[in-house]
Amino acid sequence: MAPRGRVAAGTVLAVRRPEQTRPAAVVLRDAEQVSFGWGDVSGARFLPDGRVAFSAAFEGRPEEIFVRPPGSLTAQPLGLSDARLLAASATGELAVLVPPTIALGLVSSGTAARVPSVGGIPREVAEHSVAADWSPKGE
């Protein structure tokens, strides 16, 4: 595992040939700071209603899932302690890993579960999971 505190950066350059057509205009949002706490953010996703969901371990506490409404200065915890965010569906449901445990010092594993983005009890889907994502149909 790489030492903490190191940052890697890279640049990607795309060159367009003159005969290629230009894509439709992309609307970019202004960057916003999502959290003001000291800690490690392990995952973050945009929800369809504009909220931001993320998992983080602040000030030595276990990882937890948070949701921050657009324009708000604070993120609300969902009450899911010892959980890591994996993915968000098009309907706003979250895929989470409970409890995340480090395997071989490199990869987190645990039980994949589904939970509404407003909180609730996680519904377990698969044990011994490392990652999860949603299909375009929300499955």
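Trainee: What should I look at first to understand the packing of aromatic side chains in this one?
Mentor: Given two aromatic rings, their pairing is described by the distance between the two centres and the angle made by the two planes. Using the criterion set out here, one finds 2 aromatic pairs in the structure. Summarising the aromatic geometry, the rings of Phe54 and Phe66 are spaced 5.3 Å apart at their centres and angled 20° between planes, so their arrangement reads as stacked. Pair noted here: Phe54 is in strand β2 (residues 52–58) and Phe66 is in strand β3 (residues 64–68), with a separation of 12 residues, a long-range link. As far as burial versus exposure is concerned, Phe54 and Phe66 are alike and both buried. Here the aromatic residues Phe54, Phe58 and Phe66 are joined through ring pairs into a cluster of three or more.

Trainee: Before we go on, may I ask you to explain the pattern of salt bridges in this structure?
Mentor: Side chains that carry opposite charge are capable of pairing whenever their charged atoms lie near each other. A complete count under the given rule lists 4 salt bridges for this structure. Where Arg51 meets Asp49, a salt bridge forms, and the shortest distance between an N and an O atom there is 2.7 Å. On the basis of relative accessible area, Asp49 is assigned to the partly exposed category, the value being 48%. When the shortest N-O distance is used, the salt bridge between Arg84 and Glu63 registers 2.7 Å. Taken together, the positions of Arg84 in strand β5 (residues 84–88) and Glu63 in the loop between β2 and β3 put the pair 21 residues apart, joining distant regions of the chain. Each member of the pair, Arg84 as well as Glu63, carries the same accessibility label: buried.

Trainee: Please clarify how the environment of Ala83 should be interpreted in this entry.
Mentor: Relative to the helices and strands, Ala83 is located in the loop between β4 (76–81) and β5. A relative accessible area of 0% places Ala83 in the buried class. Along the chain, Ala83 and Gly110 lie 27 residues apart, while their C-alpha atoms are 9.2 Å from each other. The residues touching Ala83, leaving out its near neighbours within four places in the chain, are Ser55, Glu63, Glu64, Ile65, Leu97, Val98 and Pro100.

Trainee: In this structure, what is going on with the nonpolar core? I would like to understand it.
Mentor: If you look at soluble globular proteins, the nonpolar side chains tend to sit buried side by side. Formed by 13 residues in total, the largest nonpolar core has its most connected members in Ala53, Ile65, Leu78, Leu80, Leu85, Leu94 and Val96. For this core, the secondary structure elements donating two or more residues are β3, β4, β6 (93–103) and β7 (107–116). By residue number, the principal contributor to this core is β6, which donates 3 residues. Excluding residues within four positions of it along the chain, Ala53 makes contact with Gly43, Ala44, Arg45, Leu47, Phe66, Val67, Leu85 and Leu94.

Trainee: Can you help me understand the sheet that holds strand β1 (residues 39–46) in this one?
Mentor: Strand pairing in a sheet is mediated by backbone hydrogen bonds. Such pairs are either parallel or antiparallel. Strand order across the open sheet formed by 4 strands is β1-β2-β3-β4, with antiparallel pairing between neighbours. Only two strands of the sheet have a single neighbouring strand rather than two, namely β1 and β4. Geometrically, the sheet is characterised by an average inter-axis angle of 25° between neighbouring strands, direction not taken into account. Taken together, the 7 bridges between β1 and β2 define a ladder with antiparallel strand orientation. Of the residues in β2, the one forming a bridge with Ala44 is Phe54.

Conventions used here
Residues numbered from 1 in each chain as written. Predicted model: local features only at pLDDT ≥ 70, side-chain atom pairs only at ≥ 80, totals over all residues. Heavy atoms only, no water. Phe/Tyr/Trp six-rings, centres within 6.5 Å; stacked < 30°, edge-to-face > 60°. Helix = DSSP H or I, 4+ residues; strand = E, 2+ residues; numbered from the N terminus. Buried < 20%, exposed > 50% of the residue type's maximum accessible area, 1.4 Å probe, protein only. Salt bridge = Lys/Arg side-chain N within 4 Å of Asp/Glu carboxyl O. Contact = heavy atoms within 4.5 Å. Core = buried A, V, L, I, M, F, W, Y, C linked by side-chain atoms within 4.5 Å. Pairing = 2+ DSSP bridges. Axes fitted to C-alpha atoms, helices over the stretch in contact; angles between N-to-C directions.

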